[in-house]
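# Secondary and tertiary structure notes
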Amino acid sequence: QVRQISAKDLQLQLMTAQRPLLLDVREPEEFTGELGHILGSVLIPLKELPARARELEADKHKDVIVICRAGVRSATAAAILTGLGFDHVGNLKGGMLEWADQQLPVER
């Protein structure tokens, strides 16, 4: 079971010294598109994640929060990472749609 984190809780986490790794698994045009992305997010599209997961190896024991548009692809990605031995994986509940609904800051 993947831990779900709300947009508000993630925003609070981002203000601490223990800032999680933000992994955005949308496509590049979504990352820079209408919904934008959260500052500091790393973009690895879901279809590339199995081949590129080793890029995240240094963060294997840190908090990793996975993000997509609505929370479905990110849940899949979180399950993949958990299966690869990542210890602390969470899913942004509602994805960037929820982040936008809460009027939280984005970059484009």
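Refer to the structure printed above.
The following refers to the structure shown.

Quick notes on the rules
- Residues numbered from 1 in each chain as written.
- Predicted model: local features only at pLDDT ≥ 70, side-chain atom pairs only at ≥ 80, totals over all residues.
- Heavy atoms only, no water.
- Helix = DSSP H or I, 4+ residues; strand = E, 2+ residues; numbered from the N terminus.
- Rg over C-alpha atoms; globule rule 2.2 N^0.38 Å.
- Buried < 20%, exposed > 50% of the residue type's maximum accessible area, 1.4 Å probe, protein only.
- Contact = heavy atoms within 4.5 Å.
- Salt bridge = Lys/Arg side-chain N within 4 Å of Asp/Glu carboxyl O.

## As for the overall build of the protein chain
When helices and strands are tallied, the protein chain shows five helices and five strands. For the protein chain, the sequential pattern of α-helices and β-strands runs β-α-β-α-β-α-β-α-β-α. In terms of overall dimensions, the protein chain is globule-like: its C-alpha atoms have a radius of gyration of 12 Å, near the 13 Å expected for 108 residues. On the principal axes, the C-alpha backbone points of the protein chain span a range of 35 × 30 × 25 Å. Looking at the 108 residues of the protein chain, the share that counts as buried comes to 43%. In the protein chain, once contacts between residues fewer than 6 apart in sequence are set aside, the share between residues at least 24 apart is 66%.

## What about unusual backbone geometry?
A positive phi angle, near 55°, is found at Gln103, a position not held by glycine. On the secondary structure map, Gln103 appears in the segment after α5 (95-101). The exposure class of Gln103 is exposed, given its relative accessible area of 72%.

## A few points about the pattern of salt bridges
All chains considered together, the criterion is met by eight salt bridges. Here Arg52 ties to Glu48 by a salt bridge, and the two come within 2.6 Å at their closest N and O atoms. Residue Glu48 is classed as partly exposed on the basis of its relative accessible area of 29%. The partner of Lys60 in a salt bridge is Glu57, with the nearest N and O atoms 3.2 Å apart. Assessed through its relative accessible area of 41%, Glu57 is described here as partly exposed. It is possible to trace a salt-bridge network through shared partners that takes in Glu48, Arg52 and Glu55.

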